[in-house]
Amino acid sequence: MCILEILNYNEAMFIACEMERGAIRHYGRAMQLLKTLGRETEPLYQQLRAMHAEEQSHLEQFSGCTCLEELPLERQTLLTAMMNGWLFEGGLMGAARSGMMDDIPSMLKYAKESEALSAKKYRDFAKLTADEKSKAALLSIAAEEDRHLLELKAQEDAL
């Protein structure tokens, strides 16, 4: 797996936005499937909706720090291609096969694994940048993912 060097803060924020967009699409598709199956009144749907909203909030936060006009389309495409398949391997079908949509404990387990992987990726990016502002931003986002992981663990423990 190839990880490109992150050249500047803008690229770091672009990657954060793309990862959040992926999570939003993924949880949105899961919600749509549950709705199609008539399961939107279940607690699992409500949990997915809360996670979807949280990811949207993160995207808004990171988008405010990104200037796409300063990031050439070719570089955007390259960074996006590099990230393809990192999170949510197998898409919604992979998630369903993993048991994500069976019940809340299974969904929380799946989400914890995704948060842990996200934190690792952000730390990997931070190691590969010489730009101190980018490194600090990526490590801060990784720490935020760690906090999400702790929140999910607390939710799991409360079940």
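Residues numbered from 1 in each chain as written. Predicted model: local features only at pLDDT ≥ 70, side-chain atom pairs only at ≥ 80, totals over all residues. Heavy atoms only, no water.

Mind showing me how you'd approach the overall build of the protein here?
Check the secondary structure of the protein and you find six helices and zero strands. When the helices and strands of the protein are placed in sequence order, the string is α-α-α-α-α-α. Each of the three principal axes of the protein carries a C-alpha extent, and together these read 45 × 30 × 30 Å. In the protein, which comprises 159 residues, the share counted as buried stands at 46%. Within the structure as shown, the protein displays about 8,400 Å² of accessible surface, and the carbon and sulfur contribution to it stands at 55%. Separation between the mean location of the 18 positive side-chain charges and that of the 26 negative ones in the protein comes to 3 Å. (Helix = DSSP H or I, 4+ residues; strand = E, 2+ residues; numbered from the N terminus. Buried < 20%, exposed > 50% of the residue type's maximum accessible area, 1.4 Å probe, protein only. Areas by Shrake-Rupley, 256 points an atom, 1.4 Å probe, with all protein chains shown as cover. Lys, Arg positive; Asp, Glu negative; His and termini not counted. Charge placed at Lys NZ, Arg CZ, Asp CG, Glu CD.)

It is not clear to me how the packing of aromatic side chains should be interpreted in this structure. Could you clarify?
A ring pair, where both rings are aromatic, is described by two values, the distance of the centres and the angle of the planes. The full count for this structure, using the stated rule, is zero aromatic pairs. For K133, the ring lying beneath its charged end belongs to Y9, and the centroid distance is 4.3 Å. (Phe/Tyr/Trp six-rings, centres within 6.5 Å; stacked < 30°, edge-to-face > 60°. Lys NZ or Arg CZ within 6 Å of the ring centre and 35° of its normal.)

Looking at this structure, how should I read helix α1 (residues 9–36)?
For an α-helix, 3.6 residues make a turn, and residues three or four places apart therefore share a direction. For α1, which comprises 28 residues, the first-to-last C-alpha distance of 40 Å matches the rise-based estimate of 40 Å (1.5 Å per residue) to within 8%. For α1, the capping residue at the N-terminal end is N8, with a side-chain oxygen 3.1 Å from the backbone nitrogen of N10. With its phi angle positive at about 75 degrees, G38 sits one or two positions after the end of α1. (Expected span 1.5 Å × (residues − 1). Polar contact = N/O pair within 3.5 Å; in protein donor to acceptor, adjacent residues only side chain to side chain.)

When you look at the nonpolar core in this model, what are you seeing that I'm missing?
Within soluble globular proteins, side chains that are nonpolar tend to cluster in buried spots. Counting residues in each nonpolar core, the largest one holds 45 residues, and the members touching the most others are L48, M100 and F125. Elements that contribute at least two residues to this core include exactly α1, α2 (43–63), α3 (73–83), α4 (91–98), α5 (104–127) and α6 (132–158). (Core = buried A, V, L, I, M, F, W, Y, C linked by side-chain atoms within 4.5 Å.)

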